[in-house]
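Read off the chains here:
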Amino acid sequence: MRRRIRSAALPLRRHSLPQLAVDGALVAIAYYLAFQLRFTTNLPAHYSDLRADTIWWVLGGSLPVLVLARVYQRNWRYAGQRDYEAVVLAVLLIVLLTVAAVEILRPVYHYIETRHRPGRDTAVPLVLPNTVIVQFGLLSLVFLVGVRALARTLYERRPLAAFRSPRRDQRTVLIAGAGDGGRMVAREIMRNRDLGLVPVGFLDDDPAKRRLRIEGLRVRGNTEGDLPRILDDAEPDEVIIAIPSAPGSTRARIVRECRTRGIPVRTLPTVFELLQTRGALARQVREVRVEDVLGREPVHMELERVGAYLAGETVLVTGAGGSIGSELCRQIARVEPHRIVLLDHAEDNLFSIQRELEDERHVPPSMLAAVLADCKEEERMREVLDAHRPTIVFHAAAYKHVGLMEANPVEAVRNNAIGTRVVAHVAGEMQAKRFVLVSTDKAVAPATVMGASKALAEFALEAASVRWPGTCYNAVRFGNVLGSSGSVVPIFRRQIERGGPVTVTDERMTRYFMTIPEAVQLIIRSGSLAAARAQDERELPRGAGRIAPRARPSRGAEVFVLDMGEPVCIIDLARAMIELSGLDPARDIDIEIVGRRPGEKLHEELFNTYERRCATAAEKILLAEREPLGMDEVESMFAEIGLLVLEGDAAGLAAKVSELAAARREAPPEEPGEIESNGGDPRANGRESPAPLVHSPHS
């Protein structure tokens, strides 16, 4: 890192000294020429003396003014609007100081013979003519701005581009988006010829930009009706989507038209990605990913605001090495907690996230504590929580693969349900303030072992919230997470890399999808929402501010759900991934329908029939409100399940879990009150019954 030669009071670096010398010389030349232009034929001797005596003042006085005006924050070749504004300010100050100095110090006098006193001259102090003052300011401004514009132009080598023979490996690029992102991409491409790219124009949906020239490139048309014609006329070698905020439908349309013509597509990173990356903008352009074309706008929250409650706290994250747990650790570290306790039973995953936080994200080692432990071992968890005393617990440890859980039901229930109960109980004993469970939409009307085990985990929180009212318990429920270990996307990607076929269980199957950052934002935000609601209910009188006609005896553990928009058809997702790989699903990769697996539903839901969809203070986050189970009922349930797990009775466990899930699902509905069940879900009425719960070949 380069060091400044003085403190921030003198914003000047070593590399700026030649620039300062050139600027000072240009100001002096402007002062000299101002007199020459004013007196074009013959410069009077007294004005010649004035110029000779004061030009050194101008030279010496302009240097500190230019420095103090912060003209040298960047090299000339990177000069922008703020630099030009600083130059204008500096020139005004230089002109004013020069005029004031001549007026006050009066360095030269002009002797004039008076009529009343023949033979004796009167000394009159010389001042700068108004024309000289104006020309001095204009010339200085033209010279200082011009030298920066010239340096930038030469650096970007635009004047030489027309005379340079094209390289054989150069690729033509069409840029979608003529806004700030598109202009930055165009400038970067033209500045860095080593990229081997030549821009041929812009696409933009703004009618006001039609046929304009931006950065020397013409806006050829929009991304809707004009796109096919432009692609056929320009025949670009690739297309760059330079609209970080572009909706998924626009990206999908561009990708679809380009794929039919064999044109690769890349996209500019989102603002979130740009803030986390470094380097030249054009080098950050990446391939279009599946989440770019899902057609749903991602949910973004201000982490520093919604996660402010984590600052200064000791936070425990179980499953810290997993896809959700590791992203939780990354985002929690940004709000500067007192300590993050990373807990995982997989050594490699735990080591990876610890090294990433320390080496790449520069989290102080004193803020991290890496703990190897299994959530199912109660004594070990009591040791860990007693040693670190976390105030907030995020329980992300879980098995996610549906097929494996079907084949190993005992371990699925042991880890996902009993493990959650253990951690929740120990957190309550250690007086943690908040406990957040990472749940799933498969816990709604569960038809698989994985879903049933997560439903049981939600039930465990209800009992814990009654036993330890000082701890705020809540669960976070969402759909499939792109890129997580249990997502279908990595499976499709591997199948495409092998040349297919891509296997889809049923062409009618749909799923909700979201990105990992979205899921983690929801998890963090729900922790503050649950605590805020609990505080409100303690402060309000019973029944005050509620729409329901009767108050419940216990609030219980709350379940928050992300409003995930419309579900995505899995077969459409498979086709999109094949097309994003540059292949044709009708010719290059086969899509094979293999039939539904035991317990697999066509459509996942976010709310049970006995739950009410309620709005919360956070946009896009809903509350699944329901009557809590009694503590004795939950304890009896886990006692029976725990005994079956100890005996390793897979068939008995499958039957008991099915019985418990069905009993809760078939409970009589509540009286109508707050909000209708399922919030108008199009599949809420008359939906298909889930397939029978089948957990193993021996069930």
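Here the structure is shown first, and the text comes after it.
This structure is a prediction, so every number in the text was calculated from the model and none was measured.

The subject of this paragraph is the pairing of strand β4 (residues 197-203). Burial runs high along β4: five of the seven residues are buried. As paired strands, strand β3 (residues 171-176) and β4 are joined by six bridges and run parallel to one another. Residue Val 173 lies in a different strand from β4, and its bridge partner there is Pro 199. Each parallel crossover has a hand, and for β3 linked through helix α6 (residues 180-191) to β4 it is right-handed.

For the rest of this paragraph, the subject is a nonpolar patch on the surface. Judged by side-chain polarity, Ile 29, Tyr 32, Leu 33 and Leu 37 come together as a nonpolar surface patch covering roughly 330 Å² of accessible area. Take Leu 37: it is sitting in helix α1 (residues 17-38). Taking the relative accessible area as the measure of exposure, Leu 37 reaches 46% and is therefore partly exposed.

Along the chain, Ala 69 falls in the loop between α2 (45-68) and α3 (81-105). A relative accessible area of 13% means that Ala 69 is categorised as buried. In this structure, the C-alpha to C-alpha distance between Ala 69 and Val 87, residues 18 residues apart in sequence, is 7.6 Å. Filtering out sequence-adjacent residues up to four positions away, Ala 69 remains in contact with Ala 86 and Ala 90.

Our focus in this paragraph is the packing of helix α17 (residues 488-497) against helix α19 (residues 570-580). Running from N to C, α17 and α19 point in directions that differ by 45 degrees, and their axes come no closer than 10 Å. Put simply, α17 runs oblique to α19. As α17 runs across α19, the sense of the crossing is right-handed. On the side of α17, the interface is formed by Val 488, Val 489, Phe 492, Arg 493 and Ile 496, while α19 contributes Ile 570, Leu 573, Ala 574, Met 577 and Ile 578. Taken together, the residues of the contact of α17 with α19 break down into nine nonpolar, no polar and one charged.

Of note in the backbone geometry, Glu 336 takes a positive phi value of approximately 55 degrees without being a glycine. Counting through the fold element by element, Glu 336 comes out in the loop between α11 (323-334) and β11 (339-344). Residue classification places Glu 336 among the exposed positions, given a relative accessible area of 57%.

Counted under the stated rule, the structure contains four aromatic pairs. Ring geometry for Tyr 31 versus Phe 136: centroids 5.1 Å apart, planes at 80 degrees, classification edge-to-face. Remark: Phe 136 occurs in helix α4 (residues 130-156) and Tyr 31 occurs in helix α1; sequence separation between them is 105 residues. On the basis of relative accessibility, which here comes to 2%, the residue Phe 136 falls in the buried class. Taken together, Tyr 31, Phe 35 and Phe 136 form an aromatic cluster joined through their ring pairs. Geometry around Phe 39 places Arg 38 over its ring, the cationic atom sitting 4.5 Å from the centre. Arg 51 extends its terminal NZ or CZ atom over the ring of Tyr 32, reaching a point 3.9 Å from the ring centre.

In any sheet, the strands associate via hydrogen bonds between backbone groups, in a parallel or an antiparallel arrangement. Here nine strands make up an open sheet; going across it, the order is β12-β11-β10-β13-β14-β15-β20-β24-β23 and the pairing mixed. Looking at strand neighbours, the two that pair on one side only are β12 (368-372) and β23 (612-615), the edges of this open sheet. Each strand axis lies, on average, 25 degrees off the axis of its neighbour in the sheet, ignoring direction. Bridge count for strand β15 (residues 472-477) against strand β20 (residues 558-562) is four bridges, and the pairing is parallel. Of the residues in β20, the one forming a bridge with Ala 475 is Val 559. Here helix α16 (residues 449-467) sits on the sheet in contact with β14 (434-438), β15 and β20, set at roughly 160 degrees to β15.

What follows covers α16. Think of an α-helix as turning once every 3.6 residues; residues three or four places apart then point the same way. Here α16 is 19 residues long and its end C-alpha atoms lie 27 Å apart, about the 27 Å a rise of 1.5 Å per residue gives. The buried count for α16 comes to 17 of 19 residues, which makes it a mostly enclosed element.

Enumeration according to the criterion identifies 34 salt bridges in this entry. The salt bridge partner of Asp 506 is Arg 508, with a shortest N-O separation of 3.1 Å. Note that Arg 626 is salt-bridged to Glu 611, the shortest N-O span being 3.0 Å. Of this pair, Arg 626 sits in the loop between β24 (621-625) and α20 (631-647) while Glu 611 sits in the loop between β22 (591-593) and β23, and the two are 15 residues apart along the sequence.

Moving on to the nonpolar core. One finds Ile 324, Leu 328, Phe 394 and Phe 478 to be the most contacted residues of the largest nonpolar core, which totals 98 residues. A total of nine residues in this core trace back to one element, the largest contributor, which is helix α15 (residues 409-429). If near-sequence neighbours (up to four positions away) are discounted, Leu 328 is found in contact with Val 317, Phe 394, Ala 396, Val 520, Ile 523 and Ile 524. Core analysis: the next-biggest nonpolar cluster, separate from the first, contains 35 residues, Ala 34, Val 58, Leu 66 and Val 71 among them.

Between α2 and α3, the shortest axis-to-axis distance is 10 Å and the interhelical angle comes to 140 degrees. Classed by the angle they form, the pair α2 and α3 counts as oblique. α3 is crossed by α2, and the crossing has right-handed handedness. Contacts between α2 and α3 involve Leu 50, Thr 54, Trp 57, Val 58, Ser 62, Val 65 and Leu 66 from the first element and Ala 90, Leu 93, Ile 94, Leu 97, Thr 98, Ala 101, Val 102 and Leu 105 from the second. Of the residues in the contact of α2 with α3, the class split is 12 nonpolar, three polar and no charged.

The rules we used
Residues numbered from 1 in each chain as written. Predicted model: local features only at pLDDT ≥ 70, side-chain atom pairs only at ≥ 80, totals over all residues. Heavy atoms only, no water. Buried < 20%, exposed > 50% of the residue type's maximum accessible area, 1.4 Å probe, protein only. Helix = DSSP H or I, 4+ residues; strand = E, 2+ residues; numbered from the N terminus. Pairing = 2+ DSSP bridges. Right-handed = clockwise from strand over helix to strand, strands pointing away. Patch = residues over 30% accessible without salt bridge, like charges linked within 9 Å, V, L, I, M, F, W, Y side chains within 5 Å. Areas by Shrake-Rupley, 256 points an atom, 1.4 Å probe, with all protein chains shown as cover. Salt bridge = Lys/Arg side-chain N within 4 Å of Asp/Glu carboxyl O. Contact = heavy atoms within 4.5 Å. Axes fitted to C-alpha atoms, helices over the stretch in contact; angles between N-to-C directions. Parallel < 35°, antiparallel > 145°, perpendicular 65-115°, else oblique. Left-handed = near helix turned anticlockwise from the far one by under 90°. Nonpolar A, V, L, I, M, F, W, Y, C, P; charged D, E, K, R; others polar. Phe/Tyr/Trp six-rings, centres within 6.5 Å; stacked < 30°, edge-to-face > 60°. Lys NZ or Arg CZ within 6 Å of the ring centre and 35° of its normal. Expected span 1.5 Å × (residues − 1). Core = buried A, V, L, I, M, F, W, Y, C linked by side-chain atoms within 4.5 Å.

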